[in-house]
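Examining the three-dimensional arrangement
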Amino acid sequence: AIEYDTPEDEAKRNALLNLLKRLKSNGTPIHALGIQAHLDASKSHLFNPTKLRKFLGEVANLGLQIMITELDVSDKNIPSDIDLRDRLVAAVYEDFLATVLQEPAVTTVVTWGLSDRDTWLSLFSPRQDGLPVRPLPLDDQLNRKLAWNAIARAFDNAPKRDNPIK
């Protein structure tokens, strides 16, 4: 992860930025950075929009597009109440997207699935209480959840972009 305000994530951001600079200076044909944003609702207190925005700006200054390629929000370590879980997950989506979408170089956002019915987190990161995970914009019946609304609000409030495909 590179999204959180921890020494480990800071070291990863710095290492990644140095790698990108080195690749660019060596003439490597690199056009974009993909970020696998597997977020964790139990770590929302560690999210620092200022630090993430600074990093994204530094990547953009290298002339690279930025793509969020695997966005989801784990609810593994938060309370079992579904209403509370859905509110916390939605808040993480909205806070993250409101931050990253301020950077015009962010041209793509892809969720890592749409429905809780088919999420990889069911197998690889299940809840200890045995309840189904709820990390995506649609529930297991394909109904919109609060996360859907949060994502939509973040896009509605984001600065408009020119078509990046030329």
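In what follows, the accompanying structure is described. (Residues numbered from 1 in each chain as written. Predicted model: local features only at pLDDT ≥ 70, side-chain atom pairs only at ≥ 80, totals over all residues. Heavy atoms only, no water.)

Things to note about the overall build of the chain
How we decide: Only runs of H or I of at least four residues qualify as helices and only runs of E of at least two qualify as strands under DSSP, and these elements are numbered from the N terminus. In this description the radius of gyration comes from C-alpha coordinates, and the expected globular size is given by 2.2 Å times residues to the power 0.38. Whether two residues touch is decided by their heavy atoms; if any such pair falls within 4.5 Å, the residues are in contact. The method behind every accessible area is Shrake-Rupley, applied with a 1.4 Å probe, and residues are considered shielded solely by the protein chains displayed. As used throughout, the charge tally considers Lys and Arg to be positive and Asp and Glu to be negative, leaving His and the chain termini uncounted. Throughout, a charge is located at the NZ atom of Lys, the CZ atom of Arg, the CG atom of Asp or the CD atom of Glu.
Within the chain one finds five helices and four strands. Its helices and strands taken in sequence order, the chain reads α-β-β-α-β-α-β-α-α from the N to the C terminus. For the chain, the C-alpha radius of gyration of 16 Å lies close to 15 Å, the compact-globule estimate for 166 residues. Dimensions of the chain, computed from C-alpha atoms along their principal axes, come out at roughly 50 × 35 × 25 Å. Summarising the internal contacts of the chain: among those between residues at least 6 apart in sequence, 73% fall at separations of at least 24. Element-wise, carbon and sulfur atoms account for 54% of the exposed surface of the chain, whose accessible area totals about 9,200 Å². A distance of 5 Å separates the average location of the 21 positive side-chain charges in the chain from that of its 23 negative side-chain charges.

Focus on the packing of aromatic side chains
Put simply, the rule reads: Stacked, edge-to-face and tilted labels apply to pairs of Phe, Tyr and Trp rings (six-membered ring for Trp) whose centres lie within 6.5 Å, assigned for plane angles under 30 degrees, over 60, and everything in between, in that order. Classification of residues uses two cut-offs on accessible area relative to the type maximum, computed with a 1.4 Å probe and protein chains only: under 20% is buried, over 50% is exposed, and between them is partly exposed.
A complete count under the given rule lists two aromatic pairs for this structure. Seen from their ring centres, Phe47 and Phe96 are 6.3 Å apart, and the 55 degrees between their planes marks the pair as tilted. Note that Phe47 is positioned in the loop between strand E2 (38-40) and helix H2 (49-60) and Phe96 in helix H3 (residues 82-100), a separation of 49 residues in sequence. Taking the centre distance of 6.1 Å and the plane angle of 40 degrees together, the rings of Trp120 and Phe124 count as tilted. By relative accessible area, which is 64% here, Phe124 ends up exposed.

Here's the deal with the packing of helix H1 (residues 7-25) against H2
What counts is decided by this rule: The axes used here are C-alpha line fits, helices contributing only the stretch in contact, and every angle between their N-to-C directions lies in the interval 0 to 180 degrees. Just so you know how the angles are binned, under 35 degrees is roughly parallel, over 145 roughly antiparallel, 65 to 115 roughly perpendicular, and the rest oblique. All amino acids are sorted into three groups, where Ala, Val, Leu, Ile, Met, Phe, Trp, Tyr, Cys and Pro are nonpolar, Asp, Glu, Lys and Arg are charged, and the leftover types, Gly among them, are polar.
Across the interface, H1 lies against H2 with an axial gap of 10 Å and an inter-helix angle of 10 degrees. Judged on the interaxial angle alone, H2 and H1 are roughly parallel. Within the contact between the two elements, H1 uses Glu10, Arg13, Leu16, Leu17 and Leu20 and H2 uses Lys51, Phe55, Glu58 and Val59. Considered class by class, the residues forming the contact of H1 with H2 number five nonpolar, no polar and four charged.

A word on the environment of Phe155
By the element assignment, Phe155 lies in helix H5 (residues 146-157). For the pair Phe155 and Leu97, spaced 58 residues apart in sequence, the C-alpha to C-alpha distance is 7.7 Å. When neighbours within four sequence positions are excluded, Phe155 is seen to be in contact with Leu97, Leu101, Val109 and Lys160.

What about the pairing of strand E3 (residues 65-74)?
Stated precisely, the cut-off is as follows: Any two strands are treated as partners once DSSP identifies two or more bridges connecting them.
Summarising burial for E3: seven of the ten residues are buried, a large majority. Across four bridges, strand E1 (residues 32-35) lies against E3 in parallel orientation. If you follow Ile35 over to E3, its bridge partner there is Ile68. Bridge count for E3 against strand E4 (residues 106-111) is four bridges, and the pairing is parallel. Pairing of Leu71 across the sheet is with Thr111, part of E4.

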